[in-house]
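# Coordinates in review
Chain by chain, the residues:
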Amino acid sequence: MPATDGLFSVSTAYEATQKKETKVNWYSFLWKSMLHPSVQGIGWKVLRGVMHTDDKLKAGKFILATICCMCKQYEEIQEHILFDCSFAQKHWEYLKQSFYIQGTIHSRNDVLNACKKRIPLTRDISLQQPSRA
Ligand SMILES: [Zn+2]
C-alpha cells in the first residue's frame, strides 16, 4: 500500500517497484515439489512464457536475424521451440510412445492434460494459454 502522507520510505519505494503477478495455481506444484532446482527454474520460465528466445530479445529492441537453431526454418519463439518445431515434434512423439499417451502435443495445455491422466499432483493445475505471435 503506497504511503498517502507524501513522505518517502524505503518500504513504500520497494512496494512501488514490485511488479504484481497474477496468482497461478501451478506455483505450489512447481516450487514445493521434489523437482530438481534447475528443472524448477526451466519450468517457471516455460510456464510464465519468459524463456530467453530471440523474440524476447527483439522485443527488447535488439536487432537480430532470428531462426530456430534446430530446424533452421522458422523464427525462434518459445512455442515453436517447444511444440511447433519438427525436432520438438519428434521428441513429443517419442515421449508419447514411451508413456502410451494418446492425442497430439501442440501446447502446454496438451502436456498438462496428458500429465493429469497420469500424475495426481497435476490434477488441479490449469494454465493460461500464452499469446502466440
Ligand atoms: Zn524449429
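On a predicted model such as this, the values are computed, not experimentally measured, just so you know. Per chain, residue numbering runs from 1 following the sequence as it is written. In view of the model being predicted, local features appear only for residues whose pLDDT reaches at least 70, and side-chain atom pairs are presented and counted only at 80 or more, with totals across whole chains, interfaces and linings using the full set of residues.

## As for the overall build of the chain
- A run of H or I in DSSP counts as a helix once it spans at least four residues, and a run of E counts as a strand once it spans at least two, with each numbered from the N terminus. Along the chain, the regular secondary structure elements total 7 helices and 0 strands.
- Each helix and strand of the chain, placed in order from N terminus to C terminus, yields the pattern α-α-α-α-α-α-α.
- Based on C-alpha atoms, the radius of gyration is set beside the globule rule, defined as 2.2 Å times the residue count to the power 0.38. The C-alpha radius of gyration of the chain comes to 19 Å, more than 25% above the 14 Å expected for a compact globule of 133 residues.
- In terms of its C-alpha atoms, the chain occupies a principal-axis envelope of roughly 65 × 45 × 25 Å.
- Three exposure classes are used, based on other C-beta atoms lying within 10 Å of a residue's own C-beta, which is placed from the backbone: buried for 20 or more, exposed for 12 or fewer, and partly exposed in between. Counting every position in the chain, which comprises 133 residues, the buried fraction comes to 9%.
- Two residues qualify as being in contact provided that their C-beta atoms, derived from the backbone, are within 7 Å of each other. Within the chain, residue pairs in contact and separated by at least 24 positions form 26% of the contacts whose partners lie at least 6 positions apart.

## A few points about unusual backbone geometry
- Positive phi values are uncommon outside glycine, yet lysine 61 reaches one of about 80°.
- Within the secondary structure, lysine 61 is located in the loop between helix 4 (54-59) and helix 5 (78-84).
- A residue is classified by how many C-beta atoms lie within 10 Å of it, and lysine 61, with 6 of them, is exposed.
- Of note, the phi angle at tyrosine 100 is positive, near 55°, even though the residue is not glycine.
- Secondary-structure assignment places tyrosine 100 in the loop between helix 6 (86-99) and helix 7 (108-116).
- Tyrosine 100 gets classed as exposed once you count the C-beta atoms within 10 Å, which come to 7.

## Topic: the environment of isoleucine 125
- Relative to the helices and strands, isoleucine 125 is located in the segment after helix 7.
- On the neighbour-count criterion, isoleucine 125 (18 C-beta atoms within 10 Å) is partly exposed.
- For the pair isoleucine 125 and leucine 7, spaced 118 residues apart in sequence, the C-alpha to C-alpha distance is 42 Å.
- Discounting chain neighbours no more than four positions away, the residues touching isoleucine 125 are Asn25, Trp26, Phe29 and Leu112.

## With respect to the confidence of the model for the chain
- Confidence scores here are pLDDT values: one per residue, from the predictor, ranging 0 to 100. Within the chain, residue pLDDT values average 84, and 92% of them lie at 70 or more.
- Counting contacts from residues 129-133, a segment whose pLDDT is below 50, to residues more than four positions away or on other chains yields 6 contacts.

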